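So the chains spell out like this:
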Amino acid sequence: MIIERQEDVTQAVLAVMERTTDPRLREIMVSLVSHLHAFVRDVRLTEQEFQAATAILNEIGQATTDTHNEMVLMSGSLGVSTLVCLLNNGDGGATETRQNLLGPFWRMDSPRVDNGGSIVRSQTPGPPLFVSARVQDRDGDPVGGAEVDVWHSSPVGLYEHQDADQAPMNLRGKLVTDEAGRFWFRTVKMAGYPIPTDAVVGRLLKAQNRHPFRPAHLHVLIFKEGYKTLISQIYAPDDPHLDTDVQFGVTRATIGDFLRHDEPHPDDPGTGTPWYSLECTFTLEPGAARLPRPPIT
Ligand SMILES: [Fe+2]
């Protein structure tokens, strides 16, 4: 079609999109073009802004490496990651879900840890934290034999791969639930941390006077055949950035019951005070057990 005026562009492109063979891809492309063209009209995008936008998208790709994923940071910073998560879990909002963001720092091959063991692999000063959790199905029955990856930042807010002072795989581990669906381990209380701000996302935050912090959280990934893989984060309620998470990840159901204890630990008097405990329950939904693509290696 020969384009006579600006309105024709959208019609011409949509006519092409409609010829996409795969029905789902067709639906996505038709909607994408409709919204994208409407957006350009809405903000009356200038030529300079368009050139800047294409440069930004290129830069997001170029800033992404084996240990840094700028696109994941941008998706989170725009709230898209949480929106996709909530639309696809908990029956689209009808039931509570602890499904949450994978984040950019999951690694595939965490070392195995026995229940009751520690995931602290090198000297990591900080208050001890005892985590005790239960995995159940929708009927409340225990799910034994589930593989559980846990990982988190240190008490100064750094993941092991970002910190020369930590041993490889420090504060990461893979546990297996027992017959009662339980897993438990010892670690140190994590801190919140700023997301990397040296590329596009950092400039966006600055332009919007936003801080770069995520509230302290424990990452959990629960894998068991016959259930949808549960990817969760449990947030510390005492974190000052709990309600201003730069990645918009904190949902009501993911705020954890972290308890501070100032008395000696009953089973382990050698544990200093204060120490913390966290008890939580994870409910698996029916679905396909699928591991995500690791954002870093
Ligand atoms: Fe994290």
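Conventions and cut-offs
- Residues numbered from 1 in each chain as written.
- Predicted model: local features only at pLDDT ≥ 70, side-chain atom pairs only at ≥ 80, totals over all residues.
- Heavy atoms only, no water.
- 1 Å grid on protein atoms, 1.4 Å probe; cavity = no way out; pocket = protein on both sides within 12 Å on 5 of 7 lines; lining within 4 Å.
- Points joined across faces, edges and corners; volume = space filled by probe spheres on them.
- Nonpolar A, V, L, I, M, F, W, Y, C, P; charged D, E, K, R; others polar.
- Axes fitted to C-alpha atoms, helices over the stretch in contact; angles between N-to-C directions.
- Helix = DSSP H or I, 4+ residues; strand = E, 2+ residues; numbered from the N terminus.
- Parallel < 35°, antiparallel > 145°, perpendicular 65-115°, else oblique.
- Contact = heavy atoms within 4.5 Å.
- Pairing = 2+ DSSP bridges.
- Disulfide = S-S within 2.5 Å.
- Buried < 20%, exposed > 50% of the residue type's maximum accessible area, 1.4 Å probe, protein only.
- Donors = N, O, S within 2.8 Å, 3.2 Å for Na, K, Ca; no water.
- Tetrahedral: all angles 85-135°; square planar, octahedral: opposite > 155°, others 65-115°.

Peer 1: What is the right way to read empty space enclosed by the protein from this model?
Peer 2: Over the atoms rolls a probe the size of a water molecule, and in doing so it shows where empty space is left. Counting across every chain of the model gives one cavity of 30 Å³ or more. The space that makes up the largest cavity amounts to roughly 50 Å³. Asn89, Thr97, Gln99, Lys228, Thr229, Leu230, Thr283, Leu284 and Glu285 together form the lining of the largest cavity. Considering only residue class, the lining of the largest cavity consists of two nonpolar, five polar and two charged.

Peer 1: Sorry, what's going on with the packing of helix α4 (residues 70–77) against helix α7 (residues 200–207) here?
Peer 2: Two numbers describe a pair of packed helices, the interaxial angle and the distance between the axes. Packing of α4 against α7 leaves a shortest axis separation of 9 Å and a crossing angle of 25°. By the angle between their axes, α4 is roughly parallel relative to α7. Facing Glu70, Leu73, Met74 and Ser77 of α4, the residues of α7 in contact are Val200, Val201 and Leu204.

Peer 1: So what exactly am I meant to see when it comes to the sheet that holds strand β8 (residues 230–235) here?
Peer 2: Within a sheet, each strand pairs with its neighbour through backbone hydrogen bonds, oriented either parallel or antiparallel. Strand order in this open sheet of four strands is β3-β2-β7-β8, and the pairing throughout is antiparallel. Strands with a single pairing partner mark the edges of an open sheet, and in this sheet they are β3 (172–176) and β8. The sheet shows a mean angle of 20° between the axes of neighbouring strands, taken without regard to direction. Inspection of the sheet shows strand β2 (residues 147–152) paired to β3 by five bridges, in the antiparallel sense.

Peer 1: How should the state of the cysteines be read in this particular structure?
Peer 2: With the rule as written, the count across this model stands at zero disulfides. We note that cysteine 85 lacks a disulfide partner, and the nearest cysteine sulfur, in cysteine 280, lies 16 Å from it. Cysteine 280 gets classed as buried once you look at its relative accessible area, which sits at 7%.

Peer 1: How should the coordination of the iron ion be read in this particular structure?
Peer 2: Put simply, a metal with four donors set out as a tetrahedron has ideal angles of 109.5 degrees, and one with six donors set out as an octahedron has ideal angles of 90 or 180 degrees. Binding of the iron ion to the protein goes through Tyr159 (OH), Tyr193 (OH), His217 (NE2) and His219 (NE2), at separations of 2.0 to 2.1 Å. One can describe the site at the iron ion as irregular: its four donor atoms subtend angles covering 90 to 165° at the metal.

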